[in-house]
Amino acid sequence: MYVYLYDNFLKHKRYNTVLTGVETRLTDYGIAGKILRLQHYANAEILVEDEIRKGAQTIVIVGNDATFGHVLSRAAVCDVTFAFIPVGPDNTIADVLGIPVGVDACDVLARRRKLRLDVGWFNNRYFVSQLHIPPSDIVVEYDEKFRVASRTSAMELVVCNLKPFVWQGKGNRYVVHPQDGKLEAFLRPVVHTGMFKRETFEAPSIFPFEEMIISAKKPFVVEADGKTSKEKRITIKLAKSRIEMVVGRERQF
Amino acid sequence: MFKPADEAMPHTSYTPPEASHDDIETVVGPSVVVEGDFASEGNILVKGTVSGSVKTGRLLTVEEGAKILANVHAGEAVVSGEIKGNMRISQRLELTESAKILGDVSCKILVVAPGAQLQGKISMGGIAIEGGAKEKKTSRRTRMSGDVIDEEE
C-alpha cells in the first residue's frame, strides 16, 4: 500500500494542474493510495509509524527539498521504503536521485528501483540533505585523528549528504555521492568582512569523514534540514544504508 | 635496415594521474591548519599548513605556499610547496621549481624541475646493475691502495 505525504505548500492553486496530472498517472499505474497533508509542526516519525501499522509499505514524499528533509529527519528510523515525487521549486535532491520534477516522477516510482542510502546523524536526529553552520569560531576534529582550525577566526561549515554543495564564488559545483560511505564537509574560512557585514569566503576546504566533532567556546548556530538550533558541541556521524529509497536510472551515484 | 625510432628505443610512456574534479577529494585551503594524523583514501590537495603525519594511497598535491611539517606516505606526489619531514612515495614524485624538501625521500620515479631544493637522502628501490657488487669491491680496493695491486687474486 502506498501513502502519499503532500507538503502544505501544495495547497496553492498553482500546483493543482501538476497534482491532478500526478494523481492520474498514479491511478494509471495502479499505485494510487492514501493522501496525507503535512502540517508544519507534524512529527513525521509518528505519522509514518502510524501508517506502517495500518499496512503502508511505501511512503511517498510529495514536495521539495524542504519536505524531503522534514520527513526523513524524523522518519529515517522507520522500516519502510521511501519514494519522492518532486513538485515545485527548490528541488536539487531530486536531480541527485535521478527523479524528474513533476508528473514524470511517477514513472520512476512505478519502476521501483530501490537503493539503500546513507544519512547523517547529529545530536539524536537524522539529516538527509545538508547541515550548515554559519561563520563561527569553531574547531573541527575528524574521526578522532586530526583537528582542523582556521588561521583567521571564523569558519563556515557545510556537511553535505544528498543536497549538493554549490560554491557561489566561481560557480563550482560539487556533486556529493550518497553511496560512497562518507559524508563530505566543506569548510570556508572568512577572509574579509566588508560593508553591510558582507563576508568574503576563501575557497572551500573539503574533508570526507565518518565522524566529526565540532566545538566552540561560544554557542554556534546549526541548521539541519531547515531546522535551526544553538549548540556548543555537536557530533556528526554517518548512518550507513539507513533508508531504502526508490531512485531513478539517471541518479548521480 | 633501420628500425623506426619506437622499435629501436622502446620506452614506456608514463602519464601522471590528475586529480579528477568529479571525485570529491580532500582539500586543505590556504588559511586552514590541520594538526594530527591526516589520512585520506582519495587524492589530497594541500594549499595550507599540515603538521603531524600525512597518508594517502593516491595522489598528494602540495601547492606553492603550502607547508607540510610531517612525515608523508603517498601513492604519488606533486610538490610545489615546502615539506619538512621524510617522504615515502610508492610510485612517482615530482618536484616543481618552487618545491623545498627537508628530509629523506624514497620513491620509484623522481622528477626534479630546475630550481627545486632538496636536502636529504634519496633512495629508489628496484635498482639492479649487473656486476655491481664485484665492481664495488674493486673500486674500494683501488681507493684504498691507490694502485692496481690486487692482493686477493
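Structure shown above.
Throughout what follows, the structure given in this document is the object of discussion. As the structure is a computational prediction, the values presented were derived from the model and not from experiment.

Before going further, it helps to examine the overall build of chain A. From N to C terminus, chain A includes five helices and 17 strands. Computed over the C-alpha atoms, the radius of gyration of chain A is 19 Å, within 12% of the 18 Å expected from 2.2 N^0.38 for a compact globule of 253 residues. Overall size of chain A, expressed as C-alpha extent along the three principal axes, is 60 × 35 × 35 Å. Residue pairs in contact within chain A that sit at least 24 positions apart in sequence constitute 71% of those at least 6 positions apart.

With that settled, the discussion passes to the packing of aromatic side chains. One pass over the full model with this rule turns up 10 aromatic pairs over all chains. With a centroid separation of 5.9 Å and an interplanar angle of 70 degrees, the aromatic rings of Tyr142(A) and Phe209(A) are classed as edge-to-face. On the criterion of sequence distance, the pair formed by Tyr142(A) in strand S8 (residues 139-142) and Phe209(A) in strand S15 (residues 205-209) is long-range, its members being 67 residues apart. Judged by relative accessible area, Tyr142(A) falls into the buried class, the value being 1%. Ring geometry for Phe146(A) and Phe38(B): centres 4.8 Å apart, planes at 75 degrees, overall edge-to-face.

Take helix H2 (residues 44-53) of chain A next. Residue and element names in this part refer to chain A. The complete set of buried residues in H2 reads Ala-44, Val-48 and Glu-51. Summarising the axial view, the buried residues of H2 lie within an arc of 60 degrees, below the 170-degree limit, and thus occupy one face. Set apart from the buried face of H2 by more than 90 degrees, the exposed residues are Ile-46 and Arg-53. At its buried positions, H2 is contacted by strand S1 (2-6), strand S2 (34-37), strand S3 (58-63) and helix H3 (65-75). A side-chain oxygen of the first residue of H2 lies 3.0 Å from the backbone nitrogen of Glu-45; this N-cap is Asn-43. Just downstream of H2, Gly-55 is the residue with a positive phi angle, here 110 degrees.

All right, on to the interface of chain B and chain A then. The extent of an interface is frequently quoted as the accessible surface area lost upon association of the parts. In this assembly, 20 residues from chain B lie in contact with 21 residues from chain A. Both faces considered, chain B and chain A share a buried interface measuring about 1,700 Å² in area, 55% of it formed by carbon and sulfur atoms. At the surface where chain B touches chain A, the tally comes to zero salt bridges. Across the contact surface, chain B and chain A share nine residue pairs in polar contact (both at pLDDT 80 or more). A total of eight residues in the side of chain B that touches chain A trace back to one element, the largest contributor, which is strand S2 (residues 32-40) of chain B.

Rules used throughout
- Residues numbered from 1 in each chain as written.
- Chains lettered and ligands numbered in written order.
- Predicted model: local features only at pLDDT ≥ 70, side-chain atom pairs only at ≥ 80, totals over all residues.
- Heavy atoms only, no water.
- Helix = DSSP H or I, 4+ residues; strand = E, 2+ residues; numbered from the N terminus.
- Rg over C-alpha atoms; globule rule 2.2 N^0.38 Å.
- Contact = heavy atoms within 4.5 Å.
- Phe/Tyr/Trp six-rings, centres within 6.5 Å; stacked < 30°, edge-to-face > 60°.
- Buried < 20%, exposed > 50% of the residue type's maximum accessible area, 1.4 Å probe, protein only.
- Arc of directions from axis to C-beta.
- Polar contact = N/O pair within 3.5 Å; in protein donor to acceptor, adjacent residues only side chain to side chain.
- Buried area = accessible area lost by both parts, 1.4 Å probe.
- Salt bridge = Lys/Arg side-chain N within 4 Å of Asp/Glu carboxyl O.

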